[in-house]
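So the chains spell out like this:
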Amino acid sequence: MGKKRREIPTFELPIIETHCHLDYLKEEELSELLSKSLAHNIEKIMTISVSPKNLQTVIDIANSHPNIFCTQGIHPHDANDWSDDVENTIRQNISNTKVKAVGEIGLDFYYNKSEKQKQIDAFKKQLQIAIDFDKPVVIHAREADQEMMEVLKEYAPRMKRKGVIHSFTSSKELAHCALDLGFHLGFNGIITFKNAEDVRETLRICPMDRILLETDAPFLTPVPYRGRENAPYYLPFIAEEVAKIKELELETVLKACYQNSKDCLSL
């Protein structure tokens, strides 16, 4: 028999899940997942759109529960599918009260599932939507630091609301650039992984008022549940790890991240 995993802690202070993909979760019914998340004091959940196929799906999920919110955006993996019709759909949906941000948008030159220039073009178009509708953005950045910095420096000065680079795994240079421009950084289960010291180093230099907690569920499940499908109710482990890495009281981290989520994403 394997070693028994530690129970998921529940804290008196609430946690906001700023980034997950509820429509990708397979192991639990949504009602069961929400019930379990609320039992662990996960107060609100943001489910993220990534492609033309799930723009409406995330809105439908958000409409199904008062504590769920969503985004509208096309992931760089799906940038080849960007079109005027997709842009019009996002622009029409963005005024829905459940839509809190434009995302998940950005650049991914690691997988290169879409052409680089199409990624850049779709990213810029969606940053413009955020500017037009005064919405923050949820950004994906991987192996594209130089181009990401160039685009952010071009668009950020015109953005009243900035947003977050989620699941931050990029260079300290990009971290400093994003922070200087007013963005938050999102941290998840990666900070519990043995081989992620570079991400922990970035967390150490990130001011406490710029940190968001997320799971990116169903991906990146934190230790000690790595190997299982991720879910918002694992957020307490991430909060604990942030407190440990930042050498702060857990209560300080929980209060700060809760306020950061409200400030950054109006959650």
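What you see is a predicted model, and the numbers here were worked out from it, not measured in a lab.

Some details on the nonpolar core
Link 1 in the chain: The biggest cluster of nonpolar side chains holds 82 residues, and the ones touching the most others in it are Phe123, Val137, Ile139, Ile165, Leu185 and Phe187.
Link 2 in the chain: What valine 137 contacts, discounting residues up to four positions off in sequence, is Val102, Ile105, Leu127, Ala130, Met159, Lys162, Gly163, Val164 and Phe183.
Link 3 in the chain: Met46, Phe69, Val138 and Tyr258 belong to the second largest nonpolar core, which has twelve residues in total.

Considerations on the environment of tyrosine 233
Link 1 in the chain: By the secondary structure assignment, tyrosine 233 is in the loop between β8 (211-213) and α8 (235-246).
Link 2 in the chain: On the basis of relative accessible area, tyrosine 233 is assigned to the buried category, the value being 4%.
Link 3 in the chain: With residues up to four places along the chain from it excluded, the contact list for tyrosine 233 reads Ile8, Glu28, Leu33, Lys36, Ser37, His40 and Ile42.
Link 4 in the chain: Polar side-chain contacts of tyrosine 233 include one of 2.7 Å to the side chain of glutamate 28.

Here we look at the side chain of aspartate 108
Link 1 in the chain: Looking at where aspartate 108 falls in the secondary structure, it is placed in strand β4 (residues 99-108).
Link 2 in the chain: Buried charge without a salt bridge: aspartate 108, with arginine 142 as the nearest opposite-charge side chain at an N-O distance of 5.3 Å.
Link 3 in the chain: Only 3.0 Å separates the side chain of aspartate 108 from the backbone nitrogen of tyrosine 111, close enough to count as a polar contact.
Link 4 in the chain: Not counting chain neighbours up to four residues away, the residues in contact with aspartate 108 comprise Pro76, His77, Gln119, His140 and Arg142.

Digging into the confidence of the model for the protein chain
Caution applies to low-pLDDT parts of the model: their predicted coordinates are not meant to be read in detail.
Link 1 in the chain: Chain-level pLDDT for the protein chain is 97 on average; 99% of the residues reach the 70-or-more range.
Link 2 in the chain: Model confidence for the protein chain, summarised as mean pLDDT per element, is weakest for helix α1 (residues 30-39) at 97 and strongest for strand β3 (residues 68-72) at 99.

Notes on the pattern of salt bridges
Link 1 in the chain: For the structure shown, the criterion picks out nine salt bridges.
Link 2 in the chain: Between arginine 6 and glutamate 240 there is a salt bridge; the shortest N-O distance is 2.8 Å. Taken as a pair, arginine 6 in the segment before β1 (15-20) and glutamate 240 in helix α8 lie far apart in primary sequence, 234 residues in all.
Link 3 in the chain: With its nearest N and O atoms 3.6 Å apart, the salt bridge here joins lysine 124 to glutamate 154. With lysine 124 in helix α4 (residues 116-133) and glutamate 154 in helix α5 (residues 145-155), this pair connects stretches of sequence that are 30 residues apart.
Link 4 in the chain: On the basis of relative accessible area, glutamate 154 is assigned to the partly exposed category, the value being 41%.
Link 5 in the chain: Sharing partners across several salt bridges, the network here consists of Glu197, Arg200, Glu201 and Arg204.

What counts and what doesn't
- Sequence order sets the numbering: in each chain, residues are counted from 1 along the sequence as written.
- In keeping with the model being predicted, local features are shown solely for residues with a pLDDT of at least 70 and side-chain atom pairs are shown and tallied solely at 80 or more, while totals for entire chains, interfaces and linings include all residues.
- The basis for the side-chain values is all heavy atoms of the structure; hydrogens and waters are excluded.
- Residues grouped as a nonpolar core are buried Ala, Val, Leu, Ile, Met, Phe, Trp, Tyr and Cys residues, joined through side-chain atoms within 4.5 Å.
- Each residue gets one of three labels from its accessible area relative to the maximum for its type: buried under 20%, exposed over 50%, partly exposed in between, using a 1.4 Å probe on protein chains only.
- Throughout, a contact is declared for two residues whenever any of their heavy atoms are within 4.5 Å.
- Put simply, DSSP marks the helices as runs of H or I at least four residues long and the strands as runs of E at least two long, and each gets a number from the N terminus on.
- What qualifies as a polar contact is a pair of N or O atoms within 3.5 Å, subject to a donor-acceptor requirement within protein and to the restriction that residues adjacent in sequence count only when both atoms come from side chains.
- Positive charges are assigned to Lys and Arg, negative charges to Asp and Glu, while His and the chain termini are left out of the count.
- In the sections that follow, a salt bridge refers to a side-chain nitrogen of Lys or Arg positioned within 4 Å of a carboxyl oxygen of Asp or Glu.
- pLDDT measures how confident the predictor is about each residue, on a scale from 0 to 100.

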